[in-house]
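What the coordinates show
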Amino acid sequence: MFLSLESVGVRYTRASGGRAAVDGITLGLAAGQVGVLIGPSGCGKTSLLRAVAGLERCAAGRVLIDGDVLSDAASGVHLAPEQRRIGMVFQDYALFPHLSVADNIAFGIGALPRAERQARVQQMLDLVGLGHAAKRAPHQLSGGQQQRVALARALAPQPRLLLLDEPFSSLDVDLRERLAQEVRSILKESGTTALLVTHDQLEAFAVGDVIGVMNQGHLEQWDDAYTLYHRPASRFVAGFIGHGVFAPAQIVACAAGPCVQTPLGELHDMENCPLPEAFPLGECDVLLRADDIVHDDASTVRARIERKAFRGSEFLYTLRLESGEQVLAHVPSHHDHHVGEWIGIRAEVDHVVTFPRVAAVR
Ligand SMILES: Nc1ncnc2c1ncn2[C@@H]1O[C@H](COP(=O)(O)OP(=O)(O)OP(=O)(O)O)[C@@H](O)[C@H]1O
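Residues numbered from 1 in each chain as written. Predicted model: local features only at pLDDT ≥ 70, side-chain atom pairs only at ≥ 80, totals over all residues.

Looking at an unreviewed UniProt entry, the chain carries the name ABC transporter ATP-binding protein, with the source organism given as Rubrivivax rivuli.

In structure tokens:
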């Protein structure tokens with residue numbers, strides 16, 4: 001792996017109870033890959049990024065780039081941030097207001113001969129699609145354009161790794177996803193290995209080759225978006241990614257193999273369904289995602305609409321089954337039913353995901 005984190009821990013001595021902000025995190029990125037760290041506020045994303053940058057010391061573990069040890073808690077190695085050849089992009093752009101766009105980009109490459117410096121600035125301007133704006137001041141650009149200048153400035157010194165901390169969070173929602181896709185294209189075109197922190201799933205899916213879900217200082221799963229969504233490794237990941245609920249279920253032996261009895265009827269998924277013995281009496285909780293629930297008036301399973309949220313092409317309905325269970329459903333927005341109405345639904349689950357039963361989830 002090009003970037004390797006081995007059992008990295010970060011601890012702030014002043015923090016209450018002395019709990020580690022980051023605990024035992026191991027992950028790797030191949031050269032040119034983009035990794036994303038996602039998780040709730042306070043889970044340790046920024047602390048981990050700062051440890052990689054050298055802005056925090058590792059209390060445990062090692063950080064390596066291309067085999068070079070940047071931090072090693074056991075032997076006391078801690079390279080200063082400026083010795084790591086790591087670029088950083090922050091939420092607030094941090095552009096120099098009195099410098100032009102071109103001079104902002106040239107800022108970190110002052111040591112290069114003039115001609116080479118100018119060529120690099122031009123290359124970066126072209127890369128981020130701002131060739132026309134070289135002479136402008138930062139305040140004459142939109143938020144998205146300013147963030148692209150910040151990206152160009154961070155990439156100009158050709159860092160071995162780029163770290164981005166919530167780079168889109170000060171932009172409005174529409175722009176965020178578009179810029180996230182643009183940034184991914186720019187990183188891919190320049191072959192940059194990058195690690196980005198966000199709390200926004202759509203952003204994570206738009207940018208990341210690999211996504212890590214963090215919870216209370218731990219890395220719960222490090223996988224591609226598809227696997228996170230369809231094969232969540234823990235209950236926390238299942239609840240954090242996507243829209244869904246856990247419903248009580250029982251795994252039983254059906255004629256064709258194990259199947260799962262749920263409030264929405266039996267689910268069959270030969271490939272992924274655990275054996276009944278996986279849980280005491282086969283009792284478990286099954287993950288039902290909003291896109292696993294299909295509106296079907298021919299279905300015998302009825303549900304009452306409790307809430308609905310318009311999302312453009314679809315509604316997110318919150319439904320209550322006759323049995324009392326709550327489920328969520330994505331329904332095409334031309335199926336516009338009223339709150340309080342009963343509709344027919346059925347489950348279409350490709351990947352059965354089950355967890356040990358938790359009594360208090362409903
Ligand atoms: N300088 C510090 N001193 C003491 N504790 C800190 C410091 N920085 C962060 N912490 C604590 O470490 C934990 C992780 O914080 P961190 O900022 O890394 O989380 P985060 O996932 O990036 O959160 P957010 O999404 O809100 O930015 C939190 O409990 C936080 O209060």
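There's plenty left to go through after this.
Now for the overall build of the chain. The helix and strand tally for the chain stands at eight helices and 21 strands. Expressed as a percentage of the 362 residues in the chain, the buried residues total 38%. Within the chain, contacts between residues at least 6 apart in sequence are counted, and of these 66% link residues at least 24 apart. (Helix = DSSP H or I, 4+ residues; strand = E, 2+ residues; numbered from the N terminus. Buried ≥ 20, exposed ≤ 12 C-beta atoms within 10 Å, placed from the backbone. Contact = placed C-beta atoms within 7 Å.)

An order of E2-E1-E4-E5-E6 is seen for the five strands of this open sheet, with the pairing classed as antiparallel. Lying at the two open borders of the sheet, with one neighbouring strand each, are strand E2 (22-29) and strand E6 (77-78). For strand E1 (residues 3-10) and E2, the ladder comprises five bridges, and the chain directions are antiparallel. Paired with Val8 across the bridge in E2 is Ile25. Each of E1, E2, strand E4 (60-65) and strand E5 (68-72) is contacted by helix H1 (residues 45-53), which is oriented at about 120° to E1, the strand it contacts most. (Pairing = 2+ DSSP bridges. Axes fitted to C-alpha atoms, helices over the stretch in contact; angles between N-to-C directions.)

Turning next to the pairing of strand E8 (residues 161-165). Within E8, five of the five residues are buried, which leaves the element mostly enclosed by the surrounding structure. As paired elements, strand E7 (residues 86-89) and E8 share four bridges and run parallel to each other. Residue pairing across strands places Gly87 opposite Leu162, the latter belonging to E8. Bridge count for E8 against strand E9 (residues 194-198) is four bridges, and the pairing is parallel. Counterpart to Leu164 in the pairing with E9 is Leu196. As for the winding sense of the linkage, the β-α-β connection from E8 through helix H5 (residues 173-189) to E9 is right-handed. (Right-handed = clockwise from strand over helix to strand, strands pointing away.)

Looking at the assigned domains, one finds that the chain contains domain 1 (3-236) and domain 2 (243-361). Relative to domain 2, the C-alpha centre of domain 1 lies at a distance of 38 Å. (Domains from an automatic or database assignment.)

The subject of this paragraph is the nonpolar core. Of all hydrophobic cores here, the largest spans 99 residues; its most connected members are Ile105 and Val286. By residue number, the principal contributor to this core is helix H4 (residues 143-155), which donates six residues. Both domain 1 (3-236) and domain 2 (243-361) contribute no fewer than three residues apiece to this core. The contacts of Ile105, once residues within four sequence positions are left out, are Val121, Met124, Leu125, Val149, Ala152, Arg153 and Ala156. (Core = buried A, V, L, I, M, F, W, Y, C linked by C-beta atoms within 7 Å.)

Moving on: the sheet that holds strand E3 (residues 34-38). Ordered in space as E7-E8-E9-E3-E10-E11, the six strands form an open sheet in which the pairing is mixed. Both edges of this open sheet fall to E7 and strand E11 (218-223), since each of them pairs with a single strand only. Averaged over neighbouring strand pairs, the angle between their axes works out to 20° when direction is ignored. Looking at chain direction, strand E10 (residues 210-215) and E11 are connected through five bridges and run antiparallel. In the sheet register, Met214 faces E11, and the bridge partner there is Leu219.

Another aspect to go through is the site of the ligand. The immediate surroundings of the ligand are formed by 13 residues, with Tyr12, Ala21, Ser41, Thr46 and Ser47 found nearest. Considered class by class, the residues forming the shell around the ligand number four nonpolar, seven polar and two charged. (Near = placed C-beta within 6 Å. Nonpolar A, V, L, I, M, F, W, Y, C, P; charged D, E, K, R; others polar.)

A separate point is the pairing of E4. Bridge count between E1 and E4: five bridges; the pairing is antiparallel. Each bridged residue has a counterpart across the sheet, and for Gly9 the counterpart in E4 is Ala60.

So, on to helix H3 (residues 114-127). Between the first and last C-alpha of H3 there are 20 Å, a value that for 14 residues agrees with the 20 Å anticipated at 1.5 Å per step. Summarising the contacts, the buried residues of H3 are in contact with helix H2 (101-106) and H4. One or two residues past the end of H3 sits Gly129, with phi positive at roughly 70°. (Expected span 1.5 Å × (residues − 1).)

This part is about the packing of H4 against H5. The N-to-C vectors of H4 and H5 enclose an angle of 25°; their axes lie 11 Å apart at closest approach. One finds that H4 runs roughly parallel with respect to H5. Classified by chirality, the crossing of H5 by H4 is right-handed. For the pair formed by H4 and H5, the contact residues are Gly144, Gln147 and Leu151 on the first element and Leu175, Leu179, Val183 and Ile186 on the second. Grouping the amino acids of the contact of H4 with H5 by side-chain chemistry returns five nonpolar, two polar and no charged. (Parallel < 35°, antiparallel > 145°, perpendicular 65-115°, else oblique. Left-handed = near helix turned anticlockwise from the far one by under 90°.)

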